[in-house]
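Working through the structure, step by step
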Amino acid sequence: MSVIRRLSPETVNRIAAGEVVERPASAVKELAENALDAHAQHIDIFAEEGGLARLTVTDDGIGMDAETLAMSVERHATSKLPLSDDGHDDLLNISTMGFRGEALPSIGSIARLSITTQKQGSSDAFVLTVEGGQASDIKPAPAFGLGGTRIDVRDLFYATPARLKFMKSERAESNAIADTVRRLALSRPDVGFALTLDGRSRLSLRPETGADARRKRLSAILGQDFGENALEIDQEREGVRITGLASLPTFNRGSAQHQYLFVNGRPVRDKLLGGAVRGAYQDFLARDRHPVVALFVDLPSGLVDMNVHPAKAEVRFRDPGLVRGLIVGSLRHALAGAGHRASTTVAGFALGRARPEGASAAQPHSAMAAWGRPIPPESGTLVSERSARVEDNFLQPGVPNAAELADQNATTEAQPLGVARAQVHETYVIAQTEDGMVIVDQHAAHERLVYERMKAMMAETGVTRQSLLVPEIVGLEAAECERVLARADELAELGLVIDGFGSNSVAVREVPALLGKLDVQGLIRDLADDLSEFDAALSLKEKLEEVVGTMACHGSVRSGRRLTGEEMNALLREMEATPHSGQCNHGRPTYVELKLVDIERLFGRR
């Protein structure tokens, strides 16, 4: 073996830089977080060639004097880590974004770094440069504004050319920078952000204030549609508070990359969020669809460890079960409170598809212009009296006509889903509301109602079990076996009875009767994986709910069945009274609501 020797400071800094600055987006994150800690009200970020050629971060924070500037590029020098009562650095009460004192020296060791700063209230500005870990003398610089700091990073990784070989394309690195800035902007709606990539503005956000500042910022970044179709989250338990917004099930995406978690204001990536969201939405969405959520966890600093990784993108909770349970509970509570509400984007999509060729949302009068002249309004209603006299010819047998429904209008049109007017193709129920119309997919709607009834019955009576003649022995690793057996009581409530069989096996004695012929070995191994990754037995719950969903599908009103007026209205009233009835078991909408004003605009009446 070689003789042990101390590594040079330059080598130490470059090793540290490999952990702190993995790619240009990491440098942007560290510099922007420093700006937030400096109480900046606006942060301007500029990048060229994916950030590899140049990165500039400018803020209007408190700035630094010459002495502080010199200390800022020394390794493990920081102004942010508080002192405990005994005078030692307190790693358990961290309230700032940064605290390790590694970012600037790490960047300076692998790039050409220039820091220009002016302390607020001072007319003197200073500049310091660092190249490959070698710092220059501090020099005076022209004053700019009322104070703040501008950090310019050029030729990132020039001192570690091997790292450059592992960089992705410029476009991929630019997108990573944009994602990083978006996450920081979501966490701090009170701060303005501007992002320019290769001369093109990618983000321009002004500071938001007021009670709805967070919703405004989330809508500005995640889209106005998200703001209109998001549910408010606000729950607290044992000192842990969850706030934020979560989308309706009918507003979903094809991947989970639009799910954001913030812990004490810090954007983090954590498996806990993925597992908790999946658990909360598991019987509302298909496995390949994902909701859009932004959740903010606030808890005492002593209950979370921020010092897990140099990049500070991971945290560790003292009680992860409490946090996960609170996330799942708050999401389910919000979803239950949404009732039968469905996403407004469904109606927008329907109107968009229904517009005549060439018409668009940006040109609401294009169809009217093509027809030559506007159509005069007819006594404020969509259907004229003359057309109403002949509408009976278009109703299916068994559907009540306008005269038979007249006495119901006063009481049912005031209901959210209105009064049934017709059935189209023995599949869709047309209902008239006070200010528009509703089109209901009778099979999807009734399937959801039956599914909710069956879930309620299971909750009351429990899951019926089926005993195995010969217990199934499943071999697992010792850690997996311990995890599964620790949840034996929870699994028993779901109809799966297990106990230990030696140190590396479990014996399965009873299984849920609903599941019929079952691959017990595969189920137990899936449960062990779920408990390891998500700390929840999602596989069994999903299998049970899949069976219940299939039973609900076969036990509900089928497409092609002709309904009476009483049946249609009973369906509408039950939908209004049943939570989650706005979407089927796979997240598809059960109804589309079209406002009268939109329909009139569609036909050029407005």
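Criteria and thresholds
Sequence order sets the numbering: in each chain, residues are counted from 1 along the sequence as written. The predicted origin of the model limits local features to residues at a pLDDT of at least 70 and limits the giving and counting of side-chain atom pairs to 80 or more, whereas totals for whole chains, interfaces and linings rest on all residues. Excluded from the side-chain calculation are hydrogens and water; included are all heavy atoms of the structure. What counts as a helix is a DSSP run of H or I of at least four residues, what counts as a strand is a run of E of at least two, and both are numbered from the N terminus. Summary of the burial criterion: residues with accessible area below 20% of their type's maximum are buried, those above 50% are exposed, and those between are partly exposed, where the area comes from a 1.4 Å probe applied to protein chains only. Two residues form a contact once any of their heavy atoms are found within 4.5 Å. For the accessible areas, the method is Shrake-Rupley and the probe is 1.4 Å, while residue cover comes only from the protein chains on display. Pairing between two strands is assigned when DSSP locates at least 2 bridges connecting them. Simply put, an axis is a line fit to the C-alpha atoms, just over the touching stretch for a helix, and the angle between two N-to-C directions goes from 0 to 180 degrees. Each patch is built from residues lacking any salt bridge and having more than 30% relative accessible area; the joining distance is 9 Å for like charges and 5 Å for nonpolar side chains (Val, Leu, Ile, Met, Phe, Trp, Tyr). Definition used for salt bridges: Asp or Glu carboxyl oxygen within 4 Å of a side-chain nitrogen of Lys or Arg. Residues scored as charged are limited to Lys and Arg (positive) and Asp and Glu (negative), so that His and the chain ends carry no count. A charge is said to be at NZ when it belongs to Lys, at CZ for Arg, at CG for Asp and at CD for Glu. In the analysis that follows, any N or O atom pair within 3.5 Å is treated as a polar contact, provided that within protein one partner can donate a hydrogen and the other can accept it, and provided that, for residues neighboring in sequence, both atoms belong to side chains. Roughly parallel means an angle under 35 degrees; roughly antiparallel means over 145; roughly perpendicular covers 65 to 115; every other angle is labelled oblique. In this scheme, a crossing is called left-handed if the near helix is turned counterclockwise away from the far one by less than a right angle; it is called right-handed if the turn is clockwise. Think of it as three bins: nonpolar holds Ala, Val, Leu, Ile, Met, Phe, Trp, Tyr, Cys and Pro, charged holds Asp, Glu, Lys and Arg, and polar takes everything else, Gly as well. Ring pairs are drawn from Phe, Tyr and Trp, using the six-membered ring of Trp, whenever the two centres fall within 6.5 Å, and their geometry is named by plane angle: stacked under 30 degrees, edge-to-face over 60, tilted for the rest. For a lysine, the NZ atom is tested; for an arginine, the CZ atom; a charge sits over a ring if that atom is within 6 Å of the ring centre and within 35 degrees of the ring normal. Each nonpolar core is a collection of buried residues, namely Ala, Val, Leu, Ile, Met, Phe, Trp, Tyr and Cys, held together in the definition by side-chain atoms within 4.5 Å. Scored from 0 to 100, pLDDT records how confident the predictor is in each individual residue.

Moving on, we get to the overall build of the protein. Counting its secondary structure elements, the protein contains 21 helices and 25 strands. Within the protein, buried positions represent 46% of all 606 residues. In the protein, once contacts between residues fewer than 6 apart in sequence are set aside, the share between residues at least 24 apart is 70%. Counting every atom, the protein has about 30000 Å² of accessible surface; 51% of that belongs to carbon and sulfur.

Read from one edge to the other, the open sheet built from three strands follows the order β22-β24-β23, with strand pairing classed as antiparallel. The sheet terminates laterally at β22 (465-475) and β23 (497-500), the two strands that pair on one side only. Each strand axis lies, on average, 20° off the axis of its neighbour in the sheet, ignoring direction. Where β23 meets strand β24 (residues 505-512), four bridges bridge the pair, whose relative direction is antiparallel. Each residue of the ladder has a partner; that of Ile-498, found in β24, is Val-508. Contacts from helix α16 (residues 478-486) reach β23 and β24, with the element oriented near 135° to β23. Here helix α18 (residues 520-533) sits on the sheet and contacts β22, β23 and β24; the angle it forms with β22, its principal contact strand, is near 65°.

The subject of this paragraph is a negative patch on the surface. Taken together, the side chains of Asp-519, Asp-526, Asp-529 and Glu-533 define an acidic patch exposed on the protein surface. Within the fold, Asp-526 resides in helix α18. Take Asp-526: its relative accessible area is 35%, and that puts it in the partly exposed class.

So, about the pairing of strand β11 (residues 240-247). Among the eight residues in β11, seven count as buried, and that is most of the element. When strand β10 (residues 230-237) meets β11, the two strands line up antiparallel, connected through eight bridges. Residue pairing across strands places Arg-237 opposite Val-240, the latter belonging to β11. Hairpin remark: β10 followed by β11, antiparallel, with two residues in the connecting loop; positive phi at Glu-238, about 50°. Here β11 runs beside strand β16 (residues 293-298); their pairing, made up of six bridges, is antiparallel. Considered in β16, the bridge of Gly-244 is made with Leu-295.

Topologically, Thr-129 is positioned in strand β4 (residues 125-131). In sequence terms Thr-129 and Leu-113 are 16 residues apart; their C-alpha atoms lie 5.5 Å from each other. One polar contact links Thr-129 to Ser-136, side chain to side chain, over a distance of 2.8 Å.

Where helix α6 (residues 170-187) contacts helix α7 (residues 213-222), the two axes come as close as 9 Å, and the packing angle between them is 160°. The angle between the axes of α6 and α7 places the two elements in the roughly antiparallel class. Relative to α7, α6 is oriented so that their crossing is left-handed. Between α6 and α7, the residues in contact are Arg-182, Ala-185 and Leu-186 and Arg-217, Leu-218 and Ile-221, respectively. Here the residues of the contact of α6 with α7 sort into four nonpolar, no polar and two charged.

Before going further, it helps to examine the packing of aromatic side chains. Inspection of every chain in the model, using the stated rule, returns two aromatic pairs. With 6.3 Å between their ring centres and 50° between their planes, Phe-226 and Phe-251 make a pair best called tilted. Taken as a pair, Phe-226 in helix α8 (residues 224-228) and Phe-251 in the loop between β11 and β12 (252-253) lie far apart in primary sequence, 25 residues in all. Phe-251 matches Phe-226 in its accessibility class, with the two residues each being buried. Both rings, one in Phe-262 and one in Phe-296, keep their centres 4.6 Å apart while their planes meet at 10°; by these two values the pair is stacked. Separated by 34 residues along the polypeptide, Phe-262 in strand β13 (residues 259-263) and Phe-296 in strand β16 bring together distant segments of the chain. Residues Phe-262 and Phe-296 agree in their burial class; the two are buried. Its end group placed over the ring of Tyr-158, Arg-112 keeps NZ or CZ at 3.9 Å from the ring centre.

Attention shifts here to the sheet that holds strand β25 (residues 591-595). Read across the open sheet, the four strands follow the order β19-β20-β21-β25; overall the sheet is antiparallel. Among the strands making up the open sheet, the edge pair consists of β19 (419-424) and β25. Here the average twist between neighbouring strands, direction ignored, is 20°. Bridging between β19 and strand β20 (residues 428-433) involves five bridges; their strand directions are antiparallel. Among the inter-strand pairings, Ala-420 is bridged to a residue of β20, identified as Ala-431. Along the sheet, helix α15 (residues 442-461) makes contact with β19, β20 and β21 (436-441), crossing β21 at roughly 70°. Helix α20 (residues 565-577) rests against β19, β20, β21 and β25 of the sheet, and its axis sits at about 120° to β19.

On to the nonpolar core. Soluble, globular proteins show a tendency: their nonpolar side chains are buried together. Grouped together as the largest cluster of nonpolar side chains are 58 residues, with contacts concentrated most on Ile-43, Val-153 and Ile-177. With near-sequence residues (within four places) excluded, Ile-43 lies in contact with Ala-32, Ala-35, Leu-36, Val-57, Thr-58, Asp-59, Val-191, Gly-192, Phe-193 and Ala-194.

This next bit is on the confidence of the model for the protein. Taken as a whole, the protein shows an average pLDDT of 79; of its residues, 77% reach a score of 70 or greater. The low-confidence segment residues 357-403 (pLDDT under 50) makes 55 contacts with residues lying over four places distant or belonging to another chain.

Further remarks concern the packing of α16 against α18. Axis separation between α16 and α18 bottoms out at 9 Å; the angle between their running directions is 85°. With respect to their mutual orientation, α16 and α18 come out roughly perpendicular. Here Glu-480, Arg-483 and Val-484 of α16 lie close against α18, whose contacting residues are Ala-528, Asp-529, Leu-531 and Ser-532. A per-class count over the contact of α16 with α18 returns three nonpolar, one polar and three charged.

Right, let's get into the pattern of salt bridges. This structure, assessed with the given rule, holds 23 salt bridges. Salt-bridge contacts for Glu-452 lead to Arg-448; the nearest nitrogen and oxygen are separated by 2.6 Å. Note that Glu-452 and Arg-448 are positioned in helix α15 at a spacing of four residues, about one turn of the helix. Pair check on accessibility: Glu-452 and Arg-448 agree, each one buried. Via salt bridges that share partners, Asp-179, Arg-182, Arg-183 and Arg-269 belong to a single interconnected network.

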